[in-house]
Structures are given as C-alpha cells and as structure tokens.
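Reading the structure
Here is what each chain is made of, one letter per residue.
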Amino acid sequence: MKNFFLLIGMIYLIDAQASIEYMPNELSKATVAEVERNRSCFRELAVQGCGDPAEDPQHFRSCLNHVHSTLGENCKKMMSDLYGSKKL
C-alpha cells in the first residue's frame with residue numbers, strides 16, 4: 001500500500017512538471033526586434049574585449065563585471081538576468 005501511494009505521487013509529480021514547463025501560447029516566442037537587441041548586447045561586449053561567453057566563460061564574466069556600468073539599460077538588465085550576481 002505504501003508503494004502504491006509512492007507510485008501515484010511520482011506519476012502526479014511528473015505530470016505537474018510537464019504542465020508547468022509547457023506554454024502553448026505564442027507569447028513565449030521572441031520577436032525579431034528582441035533577438036536583434038539581445039545580439040547587439042553581445043556584440044557590444046565583444047567590442048569592449050569580453051569576447052564570446054562560450055569561448056572563455058570565466059574571462060567573459062570577469063570582463064562583464066568590469067564593463068557592466070558602461071552598458072545600456074536593456075543590456076544591463078539582460079546581462080544581470082543571465083550572469084547576474086550580487087556584485088552586478
């Protein structure tokens with residue numbers, strides 16, 4: 001009986017996780033303008049010498065910490081959301 005309740009609980013949890021992650025509406029898709037704005041932030045950081053975050057993540061984070069105050073407001077928010085720490 002104990003195992004039966006455990007099994008039912010696991011099935012419920014799997015179903016709940018799938019329901020939370022799935023978003024059927026179109027609002028979750030990024031627009032072309034949003035994608036371009038986000039790419040421009042990464043290009044701006046590359047110009048400032050931070051490089052690509054996929055190449056050297058430690059260097060990118062360190063550089064981002066130094067140049068964060070010079071970024072535009074949208075870039076600051078996005079980078080804080082992505083790589084934020086209490087220092088930024």
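Residues numbered from 1 in each chain as written. Predicted model: local features only at pLDDT ≥ 70, side-chain atom pairs only at ≥ 80, totals over all residues. Heavy atoms only, no water.

Describing the state of the cysteines
How we decide: In plain terms, two cysteine sulfur atoms within 2.5 Å form what is called a disulfide here. Helical segments are the DSSP runs of H or I of at least four residues, strand segments are the runs of E of at least two, and each set is numbered from the N terminus. When a residue's accessible area, from a 1.4 Å probe over protein chains only, is under 20% of the maximum for its type it is buried; when over 50% it is exposed; and in between it is partly exposed.
This structure, assessed with the given rule, holds two disulfides. Here C41 is linked by a disulfide to C75, with a sulfur-sulfur distance of 2.0 Å. Since a negative S-S torsion denotes a left-handed disulfide, the C41-C75 link at about -95 degrees is left-handed. Of this pair, C41 sits in helix 2 (residues 32-47) while C75 sits in helix 4 (residues 73-83); the two residues are 34 residues apart in sequence, bridging distant segments of the chain. The exposure classification of C41 matches that of C75, with both residues buried. In the chain, the cysteines engaged in disulfides, taken in order along the sequence, are linked 1-4, 2-3.

Things to note about the nonpolar core
Threshold: Definition of nonpolar core: a set of buried residues of the types Ala, Val, Leu, Ile, Met, Phe, Trp, Tyr and Cys, connected through side-chain atoms within 4.5 Å.
Counting residues in each nonpolar core, the largest one holds 12 residues, listed as C41, L45, C50, F60, C63, L64, V67, L71, C75, M78, M79 and Y83. Secondary-structure elements contributing two or more residues to this core are helix 2, helix 3 (57-67) and helix 4.

Quick word on the environment of H59
Our working definition: Pairs of residues are marked as contacts when any of their non-hydrogen atoms sit within 4.5 Å.
By the element assignment, H59 lies in helix 3. Along the chain, H59 and G49 lie 10 residues apart, while their C-alpha atoms are 9.6 Å from each other. Ignoring sequence-local partners within four residues, the contact set of H59 consists of G49 and C50.

What about helix 2?
Keep this limit in mind: Expected span of a helix, by definition, is 1.5 Å for each gap between consecutive residues, and there is one gap fewer than residues.
Over its 16 residues, helix 2 extends 22 Å from the first C-alpha to the last, a length consistent with the 22 Å expected when each residue adds 1.5 Å. Just beyond helix 2, the residue with positive phi is G49, at close to 95 degrees.

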